[in-house]
Amino acid sequence: MKKTLLVLLLSLTAGTWAKGVKIEGVNFSDQGKQGQITINLEKELEDFPELSVKGNYVQVAIPGSYVWPKIEKQFSLNNRFDSKIMAYQFNKDLVRVRAVLHDNVESKSNKVSLSLKGN
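No experiment lies behind these values; they were computed from the predicted model shown.

Peer 1: Is there a simple way to think about the pairing of strand E8 (residues 94–100) in this case?
Peer 2: Note on strand geometry: in a regular strand, side chains alternate between the two faces of the sheet. Where burial is concerned, most of E8 is hidden: six out of the seven residues are buried. In this sheet, E8 lies alongside strand E4 (residues 57–63) in antiparallel orientation, the contact comprising seven bridges. Residue pairing across strands places Ala61 opposite Arg96, the latter belonging to E8. Examined bridge by bridge, strand E7 (residues 80–91) and E8 share seven bridges and lie antiparallel to one another. Looking across to E8, one finds that Gln89 is bridged to Val95. Where E7 hands over to E8, the hairpin turn is made up of two residues, counted between the paired strands.

Peer 1: Is there a simple way to explain the packing of aromatic side chains in this structure?
Peer 2: Each aromatic ring pair is described using two quantities: the centre-to-centre distance and the angle formed by the ring planes. Inspection of the entire model under this criterion finds one aromatic pair. Taking 4.0 Å as the distance between ring centres and 25 degrees as the angle between the ring planes, the aromatic pair formed by Phe28 and Phe75 counts as stacked. Here Phe28, found in strand E1 (residues 21–30), pairs with Phe75, found in strand E6 (residues 71–77); they are 47 residues apart in sequence, far enough to count as distant. Over the ring of Phe90 we find Arg96, and its NZ or CZ is 3.7 Å from the ring centre. Over the aromatic face of Tyr57 sits the side chain of Arg98, whose NZ or CZ is 4.0 Å from the ring centroid.

Criteria and thresholds
Residues numbered from 1 in each chain as written. Predicted model: local features only at pLDDT ≥ 70, side-chain atom pairs only at ≥ 80, totals over all residues. Heavy atoms only, no water. Buried < 20%, exposed > 50% of the residue type's maximum accessible area, 1.4 Å probe, protein only. Helix = DSSP H or I, 4+ residues; strand = E, 2+ residues; numbered from the N terminus. Pairing = 2+ DSSP bridges. Phe/Tyr/Trp six-rings, centres within 6.5 Å; stacked < 30°, edge-to-face > 60°. Lys NZ or Arg CZ within 6 Å of the ring centre and 35° of its normal.

Structural data, given as structure tokens:
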């Protein structure tokens, strides 16, 4: 009975998120003196994501989206394997994709940009 209830609860929870755009993956690529984070989406977004830079992280808040399970990866920036990228469900309608870096990047926020391309 407990297993059936657990499966039923998980399927009900996943069904409530299925109304938004699914985050299928996040990746980091080192391009010399800069890096690029790619967020792969199931389909096009209806709302525009919000970019923010605070302290040692860069964050993109994606409204009308969901991710399951949470995505978390480590990556190397400047030949140090000490940074992390993650996508997690902040609330039922918002996913946050966050890159946590080893140095404070707030002073370089004018060099951070967001662009949308297809999905």
